[in-house]
Amino acid sequence: MKKTVLINASFLVEVDETEVRKDFGMIDQIANELCHDQKIRIGTNEVNVEWESSSTVVLDPGSMNCGKCSTCGRWITDREKSDPLLQLCNGATFKGKLLCDDCLPEDHRWSF
Ligand SMILES: [Zn+2]
């Protein structure tokens, strides 16, 4: 018996602010390149992967639970604050600094 699995993948891209407001600008064109049906070869099997949906969000640390790790600069979400963006890497605020799961101290709850 087969099961259907919904795989979500997220990508980050930096574009000029002027691109954000464009219809079918760089963002839509990039999404088109990323989102299509694919045949993926796993060993000797070929698996059909059907594109289902995509969405884009312009990250805004002022209004969303997201920001860059103070140490490595990776985009992360603070898991100890409300409305985390779960598609981003986990992080938390430690001694006043937003840190990713790699940069948090090893014994921290959200350390990887
Ligand atoms: Zn980091």
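Going by the structure above, here's the rest.
Thresholds applied
Residues numbered from 1 in each chain as written. Predicted model: local features only at pLDDT ≥ 70, side-chain atom pairs only at ≥ 80, totals over all residues. Heavy atoms only, no water. Helix = DSSP H or I, 4+ residues; strand = E, 2+ residues; numbered from the N terminus. Contact = heavy atoms within 4.5 Å. Donors = N, O, S within 2.8 Å, 3.2 Å for Na, K, Ca; no water. Tetrahedral: all angles 85-135°; square planar, octahedral: opposite > 155°, others 65-115°. Buried < 20%, exposed > 50% of the residue type's maximum accessible area, 1.4 Å probe, protein only. Pairing = 2+ DSSP bridges. Core = buried A, V, L, I, M, F, W, Y, C linked by side-chain atoms within 4.5 Å.

It is worth spelling out the environment of Pro 105 at this point. By the secondary structure assignment, Pro 105 is in the segment after strand E6 (97–100). Pro 105 sits 64 residues away from Arg 41 along the chain, and the two C-alpha atoms are 39 Å apart. Excluding anything up to four places from it in sequence, Pro 105 contacts Phe 94 and Ser 111.

Another aspect to go through is the coordination of the zinc ion. Of the protein atoms, only Cys 69 (SG), Cys 72 (SG), Cys 100 (SG) and Cys 103 (SG) coordinate the zinc ion, at distances of 2.3 Å. Here the zinc ion binds four donor atoms, and the angle range of 103 to 115 degrees at the metal identifies the geometry as tetrahedral. Taking the relative accessible area as the measure of exposure, Cys 100 reaches 1% and is therefore buried.

Below, the discussion takes up the sheet that holds E6. The pairing of strands in a sheet comes from backbone hydrogen bonds and takes either a parallel or an antiparallel form. In spatial order, the strands read E3-E4-E5-E6; together these four strands make up an open sheet with mixed pairing. Each having just a single partner strand, strand E3 (67–68) and E6 make up the two edges of the open sheet. Relative to strand E5 (residues 89–94), strand E4 (residues 75–78) is paired through three bridges, and the arrangement is parallel. Bridge pairing in E5 links Thr 77 to Asn 90.

Ranked by size, the top nonpolar core spans nine residues in total: Cys 69, Ile 76, Cys 89, Ala 92, Leu 98, Leu 99, Cys 100, Leu 104 and Trp 110. For this core, the secondary-structure elements that each account for two or more residues are E5 and E6. The element contributing the most residues to this core is E6, with three residues. Non-local contacts of Trp 110, meaning those with residues more than four positions away in its chain, are made with Arg 79, Glu 80, Asn 90, Gly 91, Ala 92, Asp 101 and Leu 104.

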